Amino acid sequence: MLEHAQTWGDKLAQPENSPVNVKGEAAVLRATLWQYLREQADAGQLKAIETGRAAGVPWHHFTEALCVTSNKPLTRRPVG
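As a starting point, this report considers the structure included with it. (Residues numbered from 1 in each chain as written. Predicted model: local features only at pLDDT ≥ 70, side-chain atom pairs only at ≥ 80, totals over all residues. Heavy atoms only, no water.)

### Let's talk about the environment of A31
Stated precisely, the cut-off is as follows: Each helix is a run of H or I in the DSSP string that is no shorter than four residues. Each strand is a run of E no shorter than two, and both are numbered from the N terminus. Here's how the labels work: a residue is buried when its accessible area is under 20% of the maximum for its type, exposed when over 50%, partly exposed in between, all with a 1.4 Å probe on protein chains only.
Its place among the elements puts A31 in helix α2 (residues 22-54). The partly exposed category is assigned to A31, whose relative accessible area is 46%. Distance from A31 to R53, taken between C-alpha atoms, is 33 Å for residues 22 residues apart in sequence.

The structure is reproduced here in structure tokens:
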């Protein structure tokens, strides 16, 4: 659906005497849908990591999936 809206959204015509900016509102709706998709993807990715970690998968097995390119371990810096 989102891909369809992306493809055809720019082709929308503004009806005469319409108080609503049809093309503009369609763009806002597409941005909202993209944000929703991003949020769902983040939650799904977190769930997959939690499941893998609970099953004993080490963190370094997730590096490619998480687009991590550094092989340095993370360290915590003291706060304050």
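### Brief notes about unusual backbone geometry
Of note, the phi angle at N17 is positive, near 60°, even though the residue is not glycine. Looking at where N17 falls in the secondary structure, it is placed in the loop between α1 (2-9) and α2. You can call N17 exposed: its relative accessible area is 80%. Although it is not a glycine, C67 adopts a positive phi angle of roughly 60°. Topologically, C67 is positioned in the segment after α2.

### Details of the packing of α1 against α2
Quick reminder of the rule: Axes here refer to lines fitted to C-alpha atoms; in helices the fit is confined to the stretch in contact. Angles between the N-to-C directions go from 0 to 180 degrees. Under this scheme an angle from 65 to 115 degrees is roughly perpendicular, one under 35 degrees roughly parallel, and one over 145 degrees roughly antiparallel; angles in between are oblique. The crossing is said to be left-handed when, going from far helix to near helix, the turn is anticlockwise and less than a right angle, and right-handed when the turn is clockwise. The contact definition used throughout considers only heavy atoms, calling two residues in contact when any of these lie within 4.5 Å. When residues are grouped by polarity, Ala, Val, Leu, Ile, Met, Phe, Trp, Tyr, Cys and Pro land in nonpolar, Asp, Glu, Lys and Arg in charged, and all others, Gly among them, in polar.
Running from N to C, α1 and α2 point in directions that differ by 150°, and their axes come no closer than 10 Å. The angle between the axes of α1 and α2 places the two elements in the roughly antiparallel class. α1 and α2 meet at a crossing whose hand is left-handed. For the pair α1 and α2, contact is made by L2, A5, Q6 and G9 and by K23, R30, L33, W34 and L37, respectively. Of the residues in the contact of α1 with α2, the class split is five nonpolar, two polar and two charged.

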